[in-house]
Amino acid sequence: IEGPNYVGDFDYGWIFYGDGQLMCYGTYYFHLFSKDGERIKRFPYPVETNGLWLLDNDPQMLLSYEAEGEDKLVTFITAPMGPHFKTQDFQDSVQMVYLMDVNSEKGVPIMHKPENSVYRTLGRYVDRGWPHITSLGEGIFAQIYSIDSVLYIWNAESNELVNSIPIPVEHRPEYETIAFGERGEPDRLKINAYIHSTGDKIILTSVSRIPASVRAELERQPRYRESDAFKEASKKYNKVRSLLFDKDRYLGPLSFKIGKYEYNRISTKSGFMWFQRRYDDERDYRTFLKVKIVPAEE
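Calculation notes
Residues numbered from 1 in each chain as written. Predicted model: local features only at pLDDT ≥ 70, side-chain atom pairs only at ≥ 80, totals over all residues. Heavy atoms only, no water. Buried < 20%, exposed > 50% of the residue type's maximum accessible area, 1.4 Å probe, protein only. Helix = DSSP H or I, 4+ residues; strand = E, 2+ residues; numbered from the N terminus. Pairing = 2+ DSSP bridges. Axes fitted to C-alpha atoms, helices over the stretch in contact; angles between N-to-C directions. Phe/Tyr/Trp six-rings, centres within 6.5 Å; stacked < 30°, edge-to-face > 60°. Lys NZ or Arg CZ within 6 Å of the ring centre and 35° of its normal.

Chemist: Looking at this structure, I do not really get the pairing of strand β14 (residues 188–197). What am I missing?
Modeler: Walk down a regular strand and you will see the side chains alternate between the two sheet faces. Among the 10 residues in β14, 9 count as buried, and that is most of the element. Here strand β13 (residues 174–175) pairs with β14 via 2 bridges, running antiparallel. Bridged to Glu174 within β14 is Lys190. Pairing between β14 and strand β15 (residues 202–208): 7 bridges, direction antiparallel. In the sheet register, Ser197 faces β15, and the bridge partner there is Ile202. Turn length for the β14-β15 hairpin, with the two strands adjacent in sequence and antiparallel, is 4 residues, and the turn residue Gly199 shows positive phi of about 100 degrees.

Have a look at this one:
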């Protein structure tokens, strides 16, 4: 946070890039570092922004891939300059995902919300419509939005929507809406919260939550998180479901029989994911699991 390699007081993530280099998503700038930790260059976001956001559910905001021998960078910008977010114009026109050329330091918009997306057809406001993206390798990406009922498959090189895979009806998001420009934030009861990849498979995590009205009543109690009422509400409403897809279709529900683990996972392009083991007691070490998806036993 100080000195010649200063990147800012906080950042939005780091990834490996090129031949062992590191790319940092810093405050207003991207920073490319050598293996030795020396900054090679920094360059600004591809668009002006009107704010900076740290997002819930820890979406990956910086991704890289190789095409025709060249390293490419895909970045998600949280708050590009443009119309107010509680307008239809925002959903229709604001671009959030960019394909960056690190050499020229220029970016072009890709993966915009399709015209049939719920954000462009609903006619009311639910949330900003931030994308969650994971790499499937060779410039192919899977993308979801929190309240959309479709999983999108994109080719970043051609900016082509390769496939639109419907999420099964029973697993689709549930939410309230408000009119554009109206004060307040509508309740999102069930959302698409996470997306991860093993390279050939896509894992979409759907999360149900305690309704805002119920939570507001619970929060009236002192130390409400320790109350029986909160525990009962959590058991009733909080649900986590994992859904398995490939590039072409929905494959079915997914369960993890690996004991307790943290919800943050790391995608790979090599047929597995990294999980962190969770313990009930404190340890002076961390355990990471290399998890592969296999067919359920008969």
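Chemist: Mind showing me how you'd approach the sheet that holds strand β6 (residues 70–76) here?
Modeler: Within the open sheet, the 4 strands sit side by side as β5-β6-β7-β8. Their pairing is antiparallel. Two strands close off the open sheet at either side, each with one partner strand: β5 (62–67) and β8 (106–110). Within the sheet, the average angular offset between the axes of one strand and its neighbour, ignoring direction, is 30 degrees. Sheet analysis places β5 next to β6, joined by 6 bridges and oriented antiparallel. For Tyr65, the partnering residue across the bridge sits in β6 and is Lys72.

Chemist: Sorry if this is basic, but what is going on with the packing of aromatic side chains here?
Modeler: Note on aromatic pairs: each is described by the distance of the centres and the angle between the planes. Overall, the coordinates contain 20 aromatic pairs when judged by the stated rule. Relative to Tyr25, the ring of Tyr12 has its centre 5.1 Å away and its plane inclined at 65 degrees; by these criteria the two rings are edge-to-face. Remark: Tyr25 occurs in strand β2 (residues 21–25) and Tyr12 occurs in the segment before β1 (14–17); sequence separation between them is 13 residues. With respect to burial, Tyr12 and Tyr25 carry one shared label: buried. Taking the centre distance of 5.5 Å and the plane angle of 35 degrees together, the rings of Trp14 and Phe33 count as tilted. Pair noted here: Trp14 is in strand β1 and Phe33 is in strand β3 (residues 29–33), with a separation of 19 residues, a long-range link. By relative accessible area, which is 5% here, Phe33 ends up buried. Put simply, the rings of Phe10, Tyr12, Tyr25, Tyr28, Phe30, Phe43 and Tyr45 pair up and form one aromatic cluster. The ring of Phe85 has Arg128 sitting right over it, with the charged end atom 3.6 Å from the ring centre.

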